[in-house]
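What the coordinates show
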Amino acid sequence: MNTELPTQLLRSLVAVAETGSLGRAAARLSRSESALSLQMSRLEDVAGTALFDRDGRTLKLNQAGVTLLGHARAILARVDAARADLKLAREGGAVRMGLVQDFSGDLLVQALRRFRVDSPRSQVQIMIAGTSDLLVALSEERLDFALCARTPLVGKPLITLPMGWFGDSVLLDEEVLPLATIAPPCPFLAAATAALDAMGRPYRLAIMTPSLDGVRAAALAGLGIACRTVLAMGELPLTDTRLPQLPEVAYDLSTSRERGSASRELEQAFREEILRHASANECVTKAAG
């Protein structure tokens, strides 16, 4: 073999092998029989050996032809995959999303399942982090969109959820209230400490972790009282009057300036799933339609 193998010739070889004749292969490829015959002759020149046993108008692959056919199919599969991936990239098929930990459970799974139906070949990159890190990633255009916590005082957020206290009520008998919290900066820690300070209730940071799963585990184990939402904790909050009232927390989807159609599709699926899931759990106090 003295030169490269053109993919066009390999594609014609596969068609001839699968149909068994120049006529049927030519019809499949929308070419004339004479043009296809010239292609097979050219391919044999490139390969440096005969590829067919010819019997009139019927072509049957010889051993060299069978060997090349296997390589041809593998090469064409890779070429077709590369073309599909490049087309996907051109059409905005690569999606980079970000979200805070509270929304990384079942509702994210459901949103991704819905998205898979419409965009099964899309590549999805997911960043789960705190709001401050997500906003930095958005500003640097490392994300297409992100769900972040924000103040409800400006504009209408996607959803507004009530904060609550979660944990073992036995801990309320302690003179200094133990808290289980995400490491700062954390809007829930800020809200919890502000409310406790206003009440004059002493507290200590018993558990600090970067993980929401860690906060949930600590609260369920009775190591600390957590300030989160029903959506994040998956259980009803404490309603003991020895604990102060907490504010609401607002969430919104922020987007980068340039993104593709697949990004918009996943954002919409995620948006709708958030509202559906929150409404089903009866923990939304305000929702933007």
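Let me begin by describing the structure that accompanies this report. Since the model is a prediction, treat every value here as computed from it, not as a measurement. (Residues numbered from 1 in each chain as written. Predicted model: local features only at pLDDT ≥ 70, side-chain atom pairs only at ≥ 80, totals over all residues. Heavy atoms only, no water.)

1. Comments concerning the packing of aromatic side chains
Under the criterion given, the structure shown has one aromatic pair. Ring centres 4.7 Å apart and planes at 75° place the aromatic pair Phe103 and Tyr251 in the edge-to-face group. Here Tyr251 lies in strand 11 (residues 248–255) and Phe103 lies in the loop between strand 3 (94–99) and helix 5 (106–118), a separation of 148 residues in the sequence. In terms of burial, Phe103 and Tyr251 fall into one category: buried. Positioned above the aromatic ring of Phe188 is the side chain of Arg228, whose terminal nitrogen or guanidinium carbon lies 4.0 Å from the ring centre. (Phe/Tyr/Trp six-rings, centres within 6.5 Å; stacked < 30°, edge-to-face > 60°. Helix = DSSP H or I, 4+ residues; strand = E, 2+ residues; numbered from the N terminus. Buried < 20%, exposed > 50% of the residue type's maximum accessible area, 1.4 Å probe, protein only. Lys NZ or Arg CZ within 6 Å of the ring centre and 35° of its normal.)

2. Considerations on the nonpolar core
Core analysis: the largest hydrophobic core is formed by 53 residues, its most contacted members being Phe103, Leu147, Trp165, Tyr251, Phe270 and Ile274. Here this core takes six residues from helix 7 (residues 187–199), the largest share from any one element. Those residues in contact with Trp165, other than ones at most four positions away along the chain, are Leu179, Ala192, Leu196, Ile225, Ala226, Cys227, Pro237, Leu238, Leu243, Pro244 and Leu246. Counting 21 residues, the second largest nonpolar core, distinct from the first, contains Leu10, Val16, Leu22 and Leu69. (Core = buried A, V, L, I, M, F, W, Y, C linked by side-chain atoms within 4.5 Å. Contact = heavy atoms within 4.5 Å.)

3. Considering unusual backbone geometry
For the peptide bond that leads from Pro184 to Pro185, omega is 5°, which places it in the cis range. You can see Pro185 is positioned in the loop between strand 8 (177–182) and helix 7. Here the phi dihedral of Ser30 falls at roughly 55°; this positive angle occurs in a residue that is not glycine. Secondary-structure assignment places Ser30 in the loop between helix 2 (22–29) and helix 3 (33–47). For Ser30, a relative accessible area of 68% gives the class exposed.

4. Some words on the packing of helix 1 (residues 7–19) against helix 2
Close contact between helix 1 and helix 2 brings their axes to 8 Å; oriented N to C, the two are set at 130°. One way to sum up the angle between helix 1 and helix 2 is to call them oblique. Along this stretch, helix 1 crosses helix 2, giving a crossing that reads as right-handed. Counting all contacts with helix 1, which are made through Ser12, Ala15, Val16, Glu18 and Thr19, the residues of helix 2 involved are Leu22, Arg24, Ala25, Arg28 and Leu29. A per-class count over the contact of helix 1 with helix 2 returns five nonpolar, two polar and three charged. (Axes fitted to C-alpha atoms, helices over the stretch in contact; angles between N-to-C directions. Parallel < 35°, antiparallel > 145°, perpendicular 65-115°, else oblique. Left-handed = near helix turned anticlockwise from the far one by under 90°. Nonpolar A, V, L, I, M, F, W, Y, C, P; charged D, E, K, R; others polar.)

5. Considerations on the sheet that holds strand 7 (residues 164–166)
Across a sheet, paired strands are connected by hydrogen bonds in the backbone, their directions being either parallel or antiparallel. Taken in spatial order, the four strands make up an open sheet running 7-10-8-9, and their pairing is mixed. Because the sheet does not close on itself, it has two edges, and the strands there are strand 7 and strand 9 (203–209). Adjacent strand axes in the sheet meet at a mean angle of 35° when their direction is disregarded. Pairing geometry for strand 7 and strand 10 (residues 225–228), over three bridges, is antiparallel. Note that in strand 10 the partner of Gly164 across the bridge is Arg228. Helix 7 contacts strand 7, strand 8, strand 9 and strand 10 of the sheet and is inclined by roughly 160° relative to strand 8. Contacting strand 7, strand 8, strand 9 and strand 10, helix 8 (residues 212–220) runs over the sheet at an angle of about 155° to strand 8. (Pairing = 2+ DSSP bridges.)

6. Focus: the environment of Met40
Structurally, the position occupied by Met40 is in helix 3. The class for Met40 is buried, based on a relative accessible area of 1%. The residues contacting Met40, other than those within four sequence positions of it, are Leu9, Ser12, Leu13, Val16 and Phe52.

7. Focus: the environment of Leu266
Here Leu266 is to be found in helix 10 (residues 261–280). Of the residues examined, Leu266 reaches a relative accessible area of 0% and is grouped as buried. Each C-alpha atom, one on Leu266 and one on Phe115, is 5.7 Å from the other, the two residues being 151 residues apart in sequence. Among all residues touching Leu266, those that are not within four sequence positions of it are Val95, Met97, Ala111, Leu112, Phe115, Val124 and Phe145.

8. Brief notes about the pairing of strand 9
Where strand 8 and strand 9 come together, six bridges link them in parallel fashion. Bridge pairing in strand 9 links Leu177 to Tyr203.

9. What about the pattern of salt bridges?
Overall, the coordinates contain 13 salt bridges when judged by the stated rule. Measuring nitrogen to oxygen at the nearest pair gives 2.7 Å for the salt bridge that ties Glu18 to Arg28. One end of the pair, Glu18, is in helix 1; the other, Arg28, is in helix 2, and 10 residues separate them in sequence. In this structure, the salt-bridge partner of Asp213 is Arg216, at a minimum N-O distance of 2.7 Å. (Salt bridge = Lys/Arg side-chain N within 4 Å of Asp/Glu carboxyl O.)

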